[in-house]
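Each chain is listed here by its residues.
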Amino acid sequence: MAWGVLLALLAIAPFIGIYPVFMMKALCFAIFACAFNLLLGFTGLLSFGHAAFMGSAAYVTGWLVRSAGWTPELGIVAGTGVAAALGLVVGLIAIRRQGIYFAMITLAMAQMIYFVCLQAPFTGGEDGLQGVPRGKLFGVIPMANDLAMYFFVLAVFVAVFGLILRIVHSPYGQVLKAIRENEPRAISLGYDVDRYKLLAFVLSTGIAGLAGAMKTFVLGFATLSDVHWSLSGEVILMTLLGGMGSFAGPVLGAFTIIGLQDYLADRVGSWVTVIIGVIFVVCVIAFRRGFVGELIAWQKRRS
């Protein structure tokens, strides 16, 4: 019932005065946060470079649609595929390490991707890739209409959310949880944990790339901020704030952070990062499991 109410609220959001572009941007970041939560919350792998996969997909999709004349759906598929391929390469290098070493390798590889995006001629350098047209989905649905674009983004979000639910509740997902809780014990049971973690990493990077590709269509551009390390920090903040290891937590965290950024940007300027930082510190002290995590824990104590 709760999921149904949430979906109904998302469906009627554009009709009750909420700006569709804001909702689409928030949904794209919710997809990104869900992808990151699959890796951190359910597998126990902390990546400091996840923005590189979102940003690389954004650049690839934007260039293919704007310069090569590809259709929106093909551009999205191509961007997602490139992000997953990069995830496979980075994962093969990083997955053999654990803890902070894994995190540092992902950060180093992400900085290499950032440098490529800065220097490559097709990315526009510091100016970014501007003027990406939305086009027509499947040659029929005009994405220039914000309402049509919103329901497309919402459909993709629901599909991704359902996919992650299915992955986590599958036997494969149970192995991921076992690796998160006690990796040596999972190895002793005969599981090839490196293979399981690599697949989780590729799935997470591919979904992150899908979020970046969608964001390019929503906003019409891709910039260096999409591949900057600070965005990797933001997605960690979204996941922890909402509740790591929960399904609704990253979604709530993404909407909270994007909402605060949009609401406070015109009022406090650059101080928005300070305010969000203070909110994060307070939440870590008072709500260590995140909003959704604390709510779940309260329900368990009550029952």
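Position labels on residues start from 1 in each chain and follow its written sequence. Predicted model: local features are reported for residues with pLDDT of at least 70 only, side-chain atom pairs are reported and counted for 80 or more only, and whole-chain, interface and lining totals are derived from all residues. As a rule here, side-chain values come from all non-hydrogen atoms in the structure, and water together with hydrogens is ignored.

Grid points spaced at 1 Å and placed over the protein atoms alone form the basis of the search, with a cavity being a set where a 1.4 Å probe fits but cannot get out and a pocket an open set showing protein on both sides within 12 Å along at least five of seven lines. Lining residues have an atom within 4 Å of a point. Grid points are joined across faces, edges and corners, and a volume is the space filled by probe spheres set on the points. Following the criterion strictly, the structure yields one cavity of 30 Å³ or more and no others. Each pocket or cavity is described by its volume, and for the largest cavity that value is around 30 Å³. Considering the residues around the largest cavity, the lining is formed by C34, N37, F42, F161, I164 and F247. Secondary structure is summarised from DSSP: a helix means a run of H or I of at least four residues, a strand means a run of E of at least two, and numbering begins at the N terminus for each. Those elements giving two or more residues to the lining of the largest cavity turn out to be α2 (20-40) and α6 (146-169). Any residue outside Ala, Val, Leu, Ile, Met, Phe, Trp, Tyr, Cys, Pro, Asp, Glu, Lys and Arg is labelled polar, Gly included; the first ten of those are nonpolar and the last four are charged. The residue makeup of the lining of the largest cavity, split by class, is five nonpolar, one polar and no charged.

Residues spaced three or four apart along an α-helix point in a common direction, a consequence of the helix completing one turn every 3.6 residues. For helix α12 (residues 272-286), with 15 residues, the first-to-last C-alpha span of 21 Å sits near the 21 Å given by 1.5 Å per residue. Listed in full, the buried residues belonging to α12 are V272, I276 and C283. Buried positions in α12, seen along its axis, are confined to an arc of 30° and lie on one side of it. Every residue pair with non-hydrogen atoms within 4.5 Å of one another is taken to be in contact. Elements that come into contact with the buried residues of α12 comprise α10 (229-242), α11 (249-268) and α13 (290-302). How far a helix is expected to stretch is found by multiplying one less than its residue total by 1.5 Å. Buried residues are those whose accessible area, probed at 1.4 Å on protein chains only, stays under 20% of the maximum for their type, while exposed residues exceed 50% and partly exposed ones sit between those limits. Think of the arc as the fan of directions from the helix axis to the C-beta atoms.

This next bit is on the pattern of salt bridges. Salt bridges are identified by distance alone: a Lys or Arg side-chain nitrogen within 4 Å of an Asp or Glu carboxyl oxygen. Counting across every chain of the model gives six salt bridges. Here K25 makes a salt bridge to D262, at a shortest N to O gap of 3.7 Å. Of this pair, K25 sits in helix α2 while D262 sits in helix α11; the two residues are 237 residues apart in sequence, bridging distant segments of the chain. Its relative accessible area of 34% is what places D262 among the partly exposed residues. Put simply, D146 and R134 hold a salt bridge, and the shortest N to O gap is 2.8 Å.

Another point: the layout of surface pockets. The computed volume of the largest pocket comes to approximately 480 Å³. What lines the largest pocket is a set of 18 residues, and nearest its centre among them are A2, W3, L6, F161 and A248. Among the elements of the structure, α1 (2-12), α6, α11 and α13 are those that each provide at least two residues to the lining of the largest pocket. When residues in the lining of the largest pocket are grouped by element, the largest group, five residues, is from α1. Roughly 400 Å³ of internal volume is contained in the second largest pocket. A class-by-class count of the residues in the lining of the second largest pocket yields 11 nonpolar, six polar and five charged.

Packed helices, taken two at a time, are described by the angle their axes make and the gap between the axes. Here an axis means a line fitted to C-alpha atoms, over the contact stretch when the element is a helix, while the angle between two N-to-C directions is reported on a 0 to 180 degree scale. At their nearest, the axes of α2 and α11 sit 8 Å apart, and the two run at 135° to each other. Classed by the angle they form, the pair α2 and α11 counts as oblique. Of the two possible hands of crossing, α2 and α11 adopt the one that is right-handed. Contacts between α2 and α11 involve F22, M23, K25, A26, L27, F29, A30, A33, C34 and N37 on the former and, on the latter, P250, V251, A254, F255, I258, G259 and D262. Orientation is classified from the angle alone, with under 35 degrees giving roughly parallel, over 145 giving roughly antiparallel, 65 to 115 giving roughly perpendicular, and any other angle giving oblique. In this scheme the crossing of two helices becomes right-handed for a clockwise turn of the near helix relative to the far one and left-handed for an anticlockwise turn of less than a right angle.

This part takes up the packing of α2 against helix α9 (residues 193-219). Closest axis-to-axis distance for the α2/α9 pair is 8 Å, and the angle between their directions is 170°. In terms of axis orientation, α2 runs roughly antiparallel to α9. On the side of α2, the interface is formed by V21, M24, K25, C28, F29, I31, F32, A35, F36, L38 and L39, while α9 contributes A200, F201, L203, S204, I207, A208, A211, M214, K215, V218 and L219. Looking at the contact of α2 with α9, its residues break down into 19 nonpolar, one polar and two charged.

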